[in-house]
Amino acid sequence: MTTSEPPEARTSEAEAHRLEALWAGGFGDDYVQRNADAAAVRGPFWNGLLDRIECERVLEVGCNLGANLRWIAPRLDPVHVFGIDVNRTALGAVRSALPEVNSVWSPARSLPFRDGFFDLVFTMGVLIHQPEESLPDVMDEMVRCSSRWVLCGEYHADETVEVPYRGESGALFKRDYRRLFLDRFPALAVVDEGFLGRDEGWDDITWQLFERRR
């Protein structure tokens, strides 16, 4: 039996599956353990952001153990707060700590939600772990599921550069995510941006808040 799928598409799918399997397994479990205390001082950022935007329903793509959702859920009705991840250990931690929040197993490149279901869709330190092959799919899904706001907080570089990451290749990339979103989605505009350092509970990330033009 033959297939009409081009070789490059099959390669892209295989690379996406490779990275998802990496994060779903022991490699991802180790990440959960290393970040057990990540949430402690992130409150000022989230409280400041939610003070400035109109938002009722939120999705975090790659929520890990809920270090961000912990601050968002008390500000909203927690039944309208969602997090997806491929690591079941991380999702178990979310369910234990935040039982009213919706923690869902899903790959980032194929979100199980309808168009515009959320007011805000965001990633914090997740797009950096997307390979070149699946990054556009993840960005497309973020924008598709948001009715208004898209937020990303990631490592910045003016040009894409791969960074060695705990012995794995193709697992961490610095990029100009601001430019990538604006180039790919003309309907988005940057309405706020900044930098979050280690003293603020983050790993030196640059963030942008995009709004969909109406």
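Residues numbered from 1 in each chain as written. Predicted model: local features only at pLDDT ≥ 70, side-chain atom pairs only at ≥ 80, totals over all residues. Heavy atoms only, no water.

So, the overall build of the chain
The helix and strand inventory of the chain stands at seven helices and nine strands. Computed over its C-alpha atoms, the radius of gyration of the chain comes to 17 Å, within 12% of the 17 Å expected for a compact globule of 214 residues. When contacts within the chain are restricted to residue pairs at least 6 apart in sequence, long-range pairs at least 24 apart make up 67% of them. A total of about 10400 Å² of accessible surface is found on the chain, and carbon and sulfur atoms cover 49% of it. Across the chain, the centroid of the 24 positively charged side chains sits 2 Å from that of the 36 negatively charged ones. (Helix = DSSP H or I, 4+ residues; strand = E, 2+ residues; numbered from the N terminus. Rg over C-alpha atoms; globule rule 2.2 N^0.38 Å. Contact = heavy atoms within 4.5 Å. Areas by Shrake-Rupley, 256 points an atom, 1.4 Å probe, with all protein chains shown as cover. Lys, Arg positive; Asp, Glu negative; His and termini not counted. Charge placed at Lys NZ, Arg CZ, Asp CG, Glu CD.)

Here we look at the environment of Arg-213
With respect to the element layout, Arg-213 can be found in the segment after strand E9 (205-212). Each C-alpha atom of the pair Arg-213 and Ala-189 lies 6.9 Å from the other, and the pair is 24 residues apart in sequence. Every residue in contact with Arg-213, bar those within four places of it in the chain, is listed here: Pro-186, Ala-187, Leu-188 and Ala-189.

Points about the confidence of the model for the chain
Predicted confidence across the chain gives a mean pLDDT of 92, with 95% of residues reaching 70 or more. Note on residues 1-10: pLDDT is under 50 here. Beyond four places in sequence and across chains, it has two contacts. (pLDDT = per-residue confidence, 0-100.)

As for the packing of helix H6 (residues 135-145) against helix H7 (residues 177-184)
Viewed as axis vectors pointing N to C, H6 and H7 meet at an angle of 70°, and their least axial separation amounts to 11 Å. With respect to each other, H6 and H7 are oriented roughly perpendicular. Crossing geometry of H6 relative to H7 is assigned as right-handed. Seen from H6, the contacting residues are Leu-135, Pro-136, Met-139, Asp-140, Met-142 and Val-143; seen from H7, they are Tyr-177, Leu-180, Phe-181 and Arg-184. A class-by-class count of the residues in the contact of H6 with H7 yields eight nonpolar, no polar and two charged. (Axes fitted to C-alpha atoms, helices over the stretch in contact; angles between N-to-C directions. Parallel < 35°, antiparallel > 145°, perpendicular 65-115°, else oblique. Left-handed = near helix turned anticlockwise from the far one by under 90°. Nonpolar A, V, L, I, M, F, W, Y, C, P; charged D, E, K, R; others polar.)

Structural notes on the sheet that holds strand E3 (residues 102-105)
The strand order across the open sheet formed by seven strands is E3-E2-E1-E4-E5-E9-E8, and the pairing between neighbours is mixed. The sheet is open, and its two borders are formed by E3 and strand E8 (188-196), each paired with just one other strand. Direction aside, the axes of adjacent strands within the sheet are offset by 20° on average. Alignment of strand E4 (residues 118-124) against strand E5 (residues 146-154), held across six bridges, turns out to be parallel. Across the sheet, residue Leu-120 finds its bridge partner in E5, namely Trp-149. (Pairing = 2+ DSSP bridges.)

What about the pairing of E5?
Most of E5 sits inside the fold, with eight of its nine residues counted as buried. The parallel pair E4 and E5, bridged by H6, forms a crossover whose chirality is right-handed. Relative to E9, E5 is paired through six bridges, and the arrangement is antiparallel. Opposite Trp-149, over in E9, you have Glu-211 as the bridge partner. (Buried < 20%, exposed > 50% of the residue type's maximum accessible area, 1.4 Å probe, protein only. Right-handed = clockwise from strand over helix to strand, strands pointing away.)

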